[in-house]
Amino acid sequence: QVQLVESGGGLVQPGGSLRLSCAASGFIFRNYGMSWYRQAPGKERELVAGITSGGSSTKYADSVKGRFTISRDNAKNTVYLQMNSLKPEDTAVYYCNAGVNGRYYWGKGTLVTISS
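Remember, predicted model here, so these are calculated numbers, not experimental data.

K.L.:
Got a sec to walk through the overall build of the protein chain? Specific residues and values, please.
P.N.:
When helices and strands are tallied, the protein chain shows zero helices and eleven strands. When the helices and strands of the protein chain are read in sequence order from the N terminus, they spell out β-β-β-β-β-β-β-β-β-β-β. Its C-alpha atoms give the protein chain principal-axis dimensions of roughly 40 × 25 × 20 Å. Per-residue burial over the protein chain gives 40% buried out of 116 residues. Total accessible area on the protein chain is roughly 6300 Å²; 45% of this is exposed by carbon and sulfur atoms. Positive and negative charge centroids in the protein chain, built from 13 and 7 side chains respectively, lie 7 Å apart.

Spelled out as structure tokens, the structure:
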């Protein structure tokens, strides 16, 4: 079955960096686009970044453009989210998402807290 496992979250000071990873299994990873979403306390889940199956095209929420970079390693079945210049408003649970054969799958999320 499809499994997505996020890792790499933690507590970071404003201005710091983190790299999130999402290890995927149960489907042919290289055939599908992948996305990162986040959900802050009291807010709806929102799209942060997406990447096509081959990695040639990416998209970002306006709030993270220029600070976050999504990438993937199809040999390792892993998608990454490099987050730089982190702000307190980036605090959220970050989720990996895959749309496979018409169904959306989610990981359990990894908590990112930006605080001094």
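K.L.:
Residues and numbers for the side chain of Thr-78, please.
P.N.:
With respect to the element layout, Thr-78 can be found in strand E8 (residues 78-83). Thr-78 gets classed as buried once you look at its relative accessible area, which sits at 10%. Among the polar contacts listed, one links the side chain of Thr-78 to the backbone oxygen of Lys-76, at a separation of 2.8 Å.

K.L.:
For the packing of aromatic side chains, give the residues involved together with the corresponding values.
P.N.:
By the definition in use, this model includes four aromatic pairs. Consider the rings of Tyr-37 and Trp-106, whose centres lie 4.9 Å apart with planes at 70°: the pair is edge-to-face. One end of the pair, Tyr-37, is in strand E4 (residues 34-39); the other, Trp-106, is in strand E10 (residues 103-106), and 69 residues separate them in sequence. Note on Tyr-37: relative accessible area 22%, which makes it partly exposed. Following the ring pairs from residue to residue traces out a cluster consisting of Phe-27, Phe-29 and Tyr-32. Across from the ring centre of Phe-29, 4.3 Å away, lies the NZ or CZ of Arg-72, which sits over that ring.

K.L.:
Tell me about the pattern of salt bridges, residues and numbers included.
P.N.:
Between side chains of opposite charge, a pair can form as their charged atoms come close. Tallied over the entire structure, the rule returns four salt bridges. Put simply, Arg-67 and Asp-90 hold a salt bridge, and the shortest N to O gap is 2.7 Å. With Arg-67 in the loop between strand E6 (58-60) and strand E7 (68-73) and Asp-90 in the loop between E8 and strand E9 (92-100), the pair connects residues that are 23 residues apart, well separated along the chain. The exposure classification of Arg-67 matches that of Asp-90, with both residues buried. Taken together, the shared-partner salt bridges in this structure form one network comprising Arg-38, Glu-46, Arg-67 and Asp-90.

K.L.:
Describe the nonpolar core, naming the residues involved and giving the relevant values.
P.N.:
Residues Phe-27, Met-34, Trp-36, Leu-81 and Tyr-94 are the most contacted members of the largest nonpolar core, which totals 31 residues. For this core, the secondary structure elements donating two or more residues are strand E3 (18-25), E4, strand E5 (46-51), E7, E8, E9 and strand E11 (110-114). Ranked by residues supplied to this core, first place goes to E9 with five residues.

K.L.:
Hey, could you go over the sheet that holds strand E1 (residues 3-7) for me, with residue numbers and the actual values?
P.N.:
Strand-to-strand pairing in sheets goes through backbone hydrogen bonds, with the strands running parallel or antiparallel. One open sheet accounts for four strands, arranged E1-E3-E8-E7; its pairing is antiparallel. With one partner strand each, in any of the chains shown, E1 and E7 form the two edges of the open sheet. Averaged over all neighbouring strand pairs, the angle between strand axes comes to 15°, with direction disregarded. Pairing between E7 and E8: six bridges, direction antiparallel. If you follow Ser-71 over to E8, its bridge partner there is Tyr-80.

Criteria and cut-off values
In every chain, residue numbers begin from 1 and rise along the written sequence. Only residues with pLDDT of at least 70 are given local features in this predicted model, and only at 80 or more are side-chain atom pairs given and counted; all residues enter the totals for whole chains, interfaces and linings. Processing note: side-chain calculations cover all non-hydrogen atoms of the structure and skip hydrogens and water entirely. Counting from the N terminus, the helices are the DSSP runs of H or I reaching at least four residues and the strands are the DSSP runs of E reaching at least two. We call a residue buried when its accessible area falls under 20% of the maximum for its residue type, exposed when it is over 50%, and partly exposed in between, using a 1.4 Å probe and counting protein chains only. Accessible areas in this description were obtained via Shrake-Rupley with a 1.4 Å probe; residue shielding takes into account the shown protein chains only. Note that His is not counted, nor are the chain ends; the positive residues are Lys and Arg, and the negative ones are Asp and Glu. In plain terms, the charge of a residue is placed at NZ if it is Lys, CZ if Arg, CG if Asp and CD if Glu. Any N or O atom pair separated by 3.5 Å or less is treated as a polar contact, with the protein-specific requirement of one donor-capable and one acceptor-capable atom, and with residues adjacent in sequence counted only for side-chain atom pairs. A pair of aromatic rings is counted whenever rings of Phe, Tyr or Trp (Trp by its six-membered ring) have centres within 6.5 Å, and the orientation is called stacked for planes under 30 degrees apart, edge-to-face for over 60 and tilted otherwise. Look at NZ for Lys and CZ for Arg. If either is within 6 Å of the ring centre and within 35 degrees of the ring normal, a charge sits over the ring. Salt-bridge detection follows one rule: a side-chain nitrogen of Lys or Arg within 4 Å of a carboxyl oxygen of Asp or Glu. Residue types Ala, Val, Leu, Ile, Met, Phe, Trp, Tyr and Cys, when buried and joined through side-chain atoms within 4.5 Å, form a set referred to as a nonpolar core. Strand pairing is defined by DSSP finding a minimum of two bridges between the two strands. Note on geometry: axes are C-alpha line fits, over the in-contact stretch for helices, and angles between N-to-C directions span 0 to 180 degrees.

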